[in-house]
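# Structural overview
Residues per chain are reported as follows:
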Amino acid sequence: MTKTTLSVNVPSHLSRRSFLVGTGSILATAALAGRAAAAIGDGAHVPVLVIGTGYGGSVAALRLAQAGVDVHMVEMGMAWDTPGPDGKIFVNTKSPDFRAYWLRTRTKQPISNFLGFPIDKDVPRYTGILDAEEFGGIIVYQGRGVGGGSLVNGGMAVTPKRENFGGVLPSVNPDEMYSTYYPRANAELGVNNVDPAWWETVDCYQYARVGRKHAQRSNFAFTLVPNVYDMNYMKQEAAGTATKSAVDGEILYGNNYGKKSLQKTYLAKARATGRVQISTLHRVTSVSPSGSSYRVVIEQLNTDGSIAATKAVTADRVFFSAGSVGTSKLLTKLKATGALPNLNGEVGKGWGDNGNVMVGRANHLWDPTGAVQTSIPTAGIDNWAAGGAFAEVAPIPTGIETWASFYLSITKNPNRAQFTWNASANKVDLNWQTAWKQPSIDMAKSIFDKINAKEGTIYRTDLFGVYKIWGDHLTYHPLGGAVLNKATDNYGRLAGYSGLYVMDGSLIPGNTSVNPFVTITALAERNIERIIATDL
Ligand code: FAE
């Protein structure tokens, strides 16, 4: 793998100088090659194989290792532990390069236009960090690499209100979640709160204070929400005493400093046990029974996406933790193609987008949101009970005044989609329709129509195309597809096969009422505790 990295890590458009700088860092990686050398070998047998290194997979790996079980994690993305040509591991949102996107030749930014002009640009095809995966009616953003979504997400670490939990995971006892597993997840993830006094004064949260003013003037509840970004570090960034990351707009393609991604929390602890190995740029394509264990087929990838090698290994137990889309696609394919025919008919069903919809509002000239906006959101407008929407006040971290307030709403959208196997195209389809976002738009309007009326403002029409108000084309929060207590039992054991488990966002039926990763983590903590106690 090291050799592969050397030959393709440096796209041809980069200068000789940047190649030399990059080579230094690549040589540094060679020193880390112990990790690369630990890549799983063809024919290997492992007690537990975990597919994916996001939240669910990281919880499973840590707790299994602590229980004395050796775990091998297989991750299709890169390790993200090596600086690129500019000396930084992650590239800034303002200047996406080959590191930004998973095997695309053009960026697919959430805001595609500005003042009507398209802002996407060509990038070299590379196994970059953000996958903008396109289905017929929706684009699904996902993190690729060790740490999964934690590498690219906004870090908003929100526990649902207890009164909403019954609608999130109806078969789970809320008492044990709120007394044990949510607190455990929050502690392990390093969730912290912004200092409200600092938030009130600092330039980089002016956009959020404007969001609060407008919300409160229309009588909406406004709440500060926790995050996994180290808020003390952000204070230092803002004061100019630490290298800037969030305050300089880093987020969507990774944060070089400040964010407590899984690499720094669960996965660091898991590795420290000495029982967890990770194979990066390895993608699982098949799992099927083989005697009393499972045969797992894995493609080793080059950084241009081509296949370097195909391996077959065996595992006594397999955890599907490839994320809602990754796990659902695998299980749907494996059931339909006969590799795992006994999976039940619930596989692939119950998928939702967490009701995501985006919108911008045009502010008056006397109401600027600030040229400097930290990329880490800390606040939301809560109209869930009355209007079915919780709206994050999100930044537009461009470095210039945009005269815009920007929001990502999570809404109670009831639509659910299904994954199906498309034999002729040899791929898995998702039947989500763009029109299914209309309930989300209506719920978001319950907040923003009122604010616009009160403030005498209008929607921005230039951010998602030409004269297009709503960002209804994507989701950051895929959920469902292997729903708890339906495709699996009430602890994530897949129906039809002992020793196969699901542990990730695909267990959650489409909506968490807030940002999802704390719930994914807490549910994984609950399930793995039971599985270790009874199955191992
Ligand atoms: P995930 O973290 O997606 O991990 C799955 C892993 O499996 C990935 O590393 C994949 O590369 C890997 N994988 C997939 N298929 C395969 C395969 N066949 N073989 C090997 N590896 C594979 O899953 N949530 C919040 O709560 N707060 C936020 O502020 C927030 N902001 C977000 C911003 C962005 C831009 C994005 C993309 C997401 C955001 N999310 C946020 C969502 C959150 O990151 C997501 O719900 C979790 O990461 C899902 O966790 P899972 O464990 O399900």
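Everything numeric in this text was worked out from a predicted model, so none of it was measured.

Let's shift gears to the packing of aromatic side chains. According to the stated counting rule, one finds 21 aromatic pairs in the structure shown. Both rings, one in Tyr 233 and one in Tyr 257, keep their centres 6.2 Å apart while their planes meet at 20 degrees; by these two values the pair is stacked. Residue Tyr 233 is found in helix α9 (residues 231-239), and its partner Tyr 257 is found in the loop between α9 and α10 (266-272); the two are separated by 24 residues along the sequence. Of the residues examined, Tyr 233 reaches a relative accessible area of 17% and is grouped as buried. Taking the centre distance of 5.9 Å and the plane angle of 85 degrees together, the rings of Trp 351 and Trp 432 count as edge-to-face. Of this pair, Trp 351 sits in the loop between α11 (323-336) and β12 (357-362) while Trp 432 sits in the loop between β17 (427-430) and α13 (438-455); the two residues are 81 residues apart in sequence, bridging distant segments of the chain. Each of the two residues, Trp 351 as well as Trp 432, counts as buried. Here a set of aromatic residues connected by ring pairs shows up, and it is made of Phe 135, Trp 351, Phe 419, Trp 432 and Trp 436. Taking the ring centre of Phe 220 as reference, the NZ or CZ of Lys 450 above it sits at 4.9 Å.

Annotation from UniProt places "domain: Glucose-methanol-choline oxidoreductase C-terminal" (unreviewed entry) at residues 475-524. Here residues 475-524 runs as 16% helix and 8% strand, with 22 Å between its end C-alpha atoms.

The subject of this paragraph is unusual backbone geometry. A positive phi angle, near 55 degrees, is found at Asn 354, a position not held by glycine. Within the secondary structure layout, Asn 354 lies in the loop between α11 and β12. Here Asn 354 falls in the buried class, since its relative accessible area comes to 0%. At Asn 426, a residue that is not glycine, the phi angle is positive and equals roughly 55 degrees. Structurally, the position occupied by Asn 426 is in the loop between β16 (419-422) and β17. A relative accessible area of 58% places Asn 426 in the exposed class.

For strand β14 (residues 389-394), the buried fraction is high: six of the six residues fall into the buried class. Residues Ala 389, Ala 391 and Val 393 point to one face of β14 and Phe 390, Glu 392 and Ala 394 to the other, with burial holding for every one of them. Note: strand β13 (residues 379-383) against β14, four bridges, orientation antiparallel. Residue pairing in the sheet places Gly 380 in a bridge with Glu 392 of β14.

Right, let's talk about the nonpolar core for a bit. Core analysis: the largest hydrophobic core is formed by 73 residues, its most contacted members being Leu 49, Val 284, Val 287, Val 318, Phe 319, Phe 320 and Leu 500. Of the residues forming this core, the biggest block, eight residues, is contributed by helix α14 (residues 517-535). Sequence-distant contacts of Leu 500, defined by excluding residues within four places in its chain, comprise Val 287, Tyr 294, Val 318, Phe 320, Leu 340, Gly 492, Arg 493 and Leu 494. Of all hydrophobic cores here, the second largest spans 68 residues; its members include Met 231, Ala 242, Val 247 and Ile 381.

Glancing now at the pattern of salt bridges. Per the counting criterion, the structure on display carries 28 salt bridges. Linking Glu 299 and Arg 283 is a salt bridge whose minimum nitrogen-to-oxygen distance equals 2.9 Å. Highlighted residues: Glu 299 in strand β10 (residues 293-301) and Arg 283 in strand β9 (residues 282-290), separated in sequence by 16 residues. Take Arg 283: its relative accessible area is 24%, and that puts it in the partly exposed class. The closest approach of N and O atoms between Asp 462 and Arg 460, which form a salt bridge, is 2.9 Å. As far as the burial class goes, Asp 462 and Arg 460 line up, both buried. One salt-bridge network, held together by shared partners, links Arg 63, Glu 188, Lys 269 and Glu 525.

Quick look at the UniProt feature "domain: Glucose-methanol-choline oxidoreductase N-terminal" (unreviewed entry) in the protein now. Under the present numbering, the feature "domain: Glucose-methanol-choline oxidoreductase N-terminal" (unreviewed entry) in UniProt falls on residues 138-333. The span residues 138-333 is 33% helix and 23% strand, and its two end C-alpha atoms sit 20 Å from each other.

Attention now goes to the site of the ligand. Near the ligand there are 36 residues, and of these Glu 75, Gly 149, Met 156, Gly 505 and Phe 517 occur at the shortest range. Note that an oxygen atom of the ligand is positioned 3.2 Å from one of the side-chain N or O atoms of Arg 144. Calculation on the ligand without its partners gives an accessible area of 1,000 Å², and the protein chains cover 95% of this total. Per-class residue counts for the shell around the ligand are 14 nonpolar, 18 polar and four charged.

Calculation notes
- Residues numbered from 1 in each chain as written.
- Predicted model: local features only at pLDDT ≥ 70, side-chain atom pairs only at ≥ 80, totals over all residues.
- Heavy atoms only, no water.
- Phe/Tyr/Trp six-rings, centres within 6.5 Å; stacked < 30°, edge-to-face > 60°.
- Helix = DSSP H or I, 4+ residues; strand = E, 2+ residues; numbered from the N terminus.
- Buried < 20%, exposed > 50% of the residue type's maximum accessible area, 1.4 Å probe, protein only.
- Lys NZ or Arg CZ within 6 Å of the ring centre and 35° of its normal.
- UniProt positions renumbered as here; feature names shortened; annotations may be inferred.
- Pairing = 2+ DSSP bridges.
- Core = buried A, V, L, I, M, F, W, Y, C linked by side-chain atoms within 4.5 Å.
- Contact = heavy atoms within 4.5 Å.
- Salt bridge = Lys/Arg side-chain N within 4 Å of Asp/Glu carboxyl O.
- Near = heavy atom within 4 Å.
- Polar contact = N/O pair within 3.5 Å; in protein donor to acceptor, adjacent residues only side chain to side chain.
- Areas by Shrake-Rupley, 256 points an atom, 1.4 Å probe, with all protein chains shown as cover.
- Nonpolar A, V, L, I, M, F, W, Y, C, P; charged D, E, K, R; others polar.

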